[in-house]
Amino acid sequence: MPLSENINVFARVRPASPRFAEVEAVPSCVQTDPTTSTITIDNKGKKQQFQLKKVFRQNSTQENVFDDVGRAILDGFIDGINGTIFAYGQTGSGKTFTMLGVERSNECDLSNRGIIPRMVEDIFATLQTRHEKNPDSFKFILKCSFLELYNEKLYDLLLFKKDASITIQQQRQKIVINGATECEVKTSEECMKCLWKGWNQRKVAETSMNHASSRSHAIFMLTLITETVDGTVLNRQTSRLNMVDLAGSERQTHTNNVGSKLREAGSINKSLSILARVIRDLASSRTSSTSSSTPQHISYRDSLLTFLLRDSLGGNARTAVIVNIHPNLQFVTDTLSTLSFAESVQKVRNVTTINSTLTYFQKVCNTLDETHKKNQKLQEEAENNRRNALAYLLRVQQSCLNTSISDVEQQFL
Ligand SMILES: Nc1ncnc2c1ncn2[C@@H]1O[C@H](COP(=O)(O)OP(=O)(O)OP(=O)(O)O)[C@@H](O)[C@H]1O
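- Looking at an unreviewed UniProt entry, one finds the chain named Kinesin-like protein and attributed to Panagrolaimus superbus.
- Note on the chain: under the UniProt heading Subcellular location (unreviewed entry), the record states "Cytoplasm, Cytoskeleton".

Structure below.
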């Protein structure tokens, strides 16, 4: 049964950075109230309040964030519902910290590991427990891919070739990615190896293509196929989970970009501004849907980012967005723009379904097959018996009653 649900939007405020401090106390423009889930921005006396699903304060832990944001998406993913989590905010606001955590020599600092490592661990723990409880009736396959979207081009972070051509296609209501490496992973350690391999590859690309990771979008994707046998029915479920660390959303008027940097910034701005436009159109189509019967056209194809995330934005996925906030007063304009994006996103409704197909289990097919064969054999036997009886009668009649064979045939055939 399809379920209509809003995109859940969370705000996370990072600790003020001492780097920007001119005086002892860093001037902050942000006040949070977790009890009412509100965040208030004080722009030189002009206050604006935003209410979201939940607001995480500066001292919130990675565990707090994972529990509130990740769990519902994780549960759905395991039960065949697509999921997406993405982090949005200006450069340095804590998107990578939230999604990945703090990197310590190619591993995550344990207590500071972010949403992706925690999701991977919990997904494997849940799947393996289910399999151990019912080894014959529950099986799973988990595959991961890691893509980078930079200057409107997709790169495969699990492949060391630069020229991998990845294309995105829409097949009916489903987005299909062709050409991306999909690694089958059997343990959370294997999956984390892929994540780090891709993360390092992103750094290599950063140097060789002369761009900073903060200017590209990173998308870590998991595809899960589960098979559950219930009596004589085989239930096959397939779901996809996208975990996205978006490029910094800061406004370019604040930076001193020129030349290729400006073109690059234009491209990032393009994908993020199309993301914002798609969200606005989805939000407004929802409010106007009662007055108009024709559904509004949403231009997902205007950027690869929105095309790739199509299922997650107004489609078949459970989606959570974390807007990361830098509390320093000097970023107040970007903070307000981030929060106005957040307000639009939470108006968007998705329709989630469990992606499953039911088939009769082999036993039933075998039984049916056997019954069919038995029936055929019985029919053949009956036919043979009939022909034998007829031949016998013909012989008896011909010899005893001396009548013609054709008369007998007409009588019996
Ligand atoms: N909640 C937090 N607690 C502690 N440190 C944080 C927090 N959020 C961010 N930081 C630190 O702030 C710095 C910048 O954060 P991060 O790299 O995650 O920002 P970002 O939004 O991903 O930036 P970019 O867009 O440039 O990639 C890092 O050193 C990170 O460890």
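Things to note about the overall build of the chain
Thought 1: The secondary structure content of the chain amounts to nine helices and 19 strands.
Thought 2: The buried share of the chain, reckoned over its 413 residues, is 45%.
Thought 3: Put simply, 72% of the contacts in the chain that link residues at least 6 apart link residues at least 24 apart.
Thought 4: Approximately 21,900 Å² of the chain is accessible, and the part contributed by carbon and sulfur atoms is 50%.

So, the UniProt feature "binding site: ATP" (unreviewed entry) in the chain
Thought 1: Residues given the UniProt feature "binding site: ATP" (unreviewed entry) here are G89, Q90, T91, G92, S93, G94, K95 and T96.
Thought 2: Turning to its location among the elements, T91 is positioned in the loop between strand 7 (83-88) and helix 2 (95-99).
Thought 3: The exposure class of T91 is partly exposed, given its relative accessible area of 35%.
Thought 4: With respect to the secondary-structure elements, T96 resides in helix 2.
Thought 5: For T96, a relative accessible area of 31% gives the class partly exposed.
Thought 6: Once residues lying within four places of it in the same chain are set aside, the contact partners of T96 are G101, W199 and D245.

Quick look at the pattern of salt bridges
Thought 1: Using the criterion set out here, one finds twelve salt bridges in the structure.
Thought 2: As a salt-bridge pair, E227 and R236 come within 2.9 Å of each other at their nearest N and O atoms.
Thought 3: We classify E227 as partly exposed; its relative accessible area is 28%.
Thought 4: Residue E383 pairs with R387 through a salt bridge whose shortest N-O separation is 3.3 Å. Remark: R387 and E383 occur in helix 8 (residues 362-400); sequence separation between them is four residues, near one turn of the helix.
Thought 5: Relative accessible area serves as the criterion here: at 52%, R387 is assigned to the exposed category.

Some thoughts on the nonpolar core
Thought 1: Core analysis: the largest hydrophobic core is formed by 50 residues, its most contacted members being I39, I41, F86, L275, L313, V323 and F341.
Thought 2: With eight residues, the top contributor of residues to this core is helix 5 (residues 259-288).
Thought 3: Excluding residues that lie within four positions of it along the chain, I41 makes contacts with C29, V30, K46, K47, Q48, F50, V332, T335, L336 and L339.

Some details on helix 3 (residues 115-133)
Thought 1: In a regular helix each residue adds 1.5 Å, so 19 residues correspond to 27 Å; helix 3 covers 27 Å between its end C-alpha atoms and thus fits that length.
Thought 2: Three or more residues of helix 3 are buried, namely I115, I116, P117, R118, M119, V120, I123, F124 and L127.

Things to note about the packing of aromatic side chains
Thought 1: Per the counting criterion, the structure on display carries six aromatic pairs.
Thought 2: When the centroid spacing of 6.4 Å and the interplanar angle of 15° are considered together, the rings of F146 and W199 count as stacked. In this pair, F146 is assigned in strand 10 (residues 138-150) and W199 in helix 4 (residues 188-208), connecting sequence segments 53 residues apart.
Thought 3: Judged by its relative accessible area of 2%, F146 falls in the buried class.
Thought 4: Geometrically, the ring pair formed by F146 and F220 is edge-to-face, given 5.2 Å between the ring centres and 80° between the ring planes. Taken together, the residues F146 in strand 10 and F220 in strand 15 (residues 217-230) connect sequence positions 74 residues apart. This pair shows no difference in class: F146 is buried, exactly as F220 is.

What counts as what
Residues numbered from 1 in each chain as written. Predicted model: local features only at pLDDT ≥ 70, side-chain atom pairs only at ≥ 80, totals over all residues. Heavy atoms only, no water. UniProt positions renumbered as here; feature names shortened; annotations may be inferred. Helix = DSSP H or I, 4+ residues; strand = E, 2+ residues; numbered from the N terminus. Buried < 20%, exposed > 50% of the residue type's maximum accessible area, 1.4 Å probe, protein only. Contact = heavy atoms within 4.5 Å. Areas by Shrake-Rupley, 256 points an atom, 1.4 Å probe, with all protein chains shown as cover. Salt bridge = Lys/Arg side-chain N within 4 Å of Asp/Glu carboxyl O. Core = buried A, V, L, I, M, F, W, Y, C linked by side-chain atoms within 4.5 Å. Expected span 1.5 Å × (residues − 1). Phe/Tyr/Trp six-rings, centres within 6.5 Å; stacked < 30°, edge-to-face > 60°.

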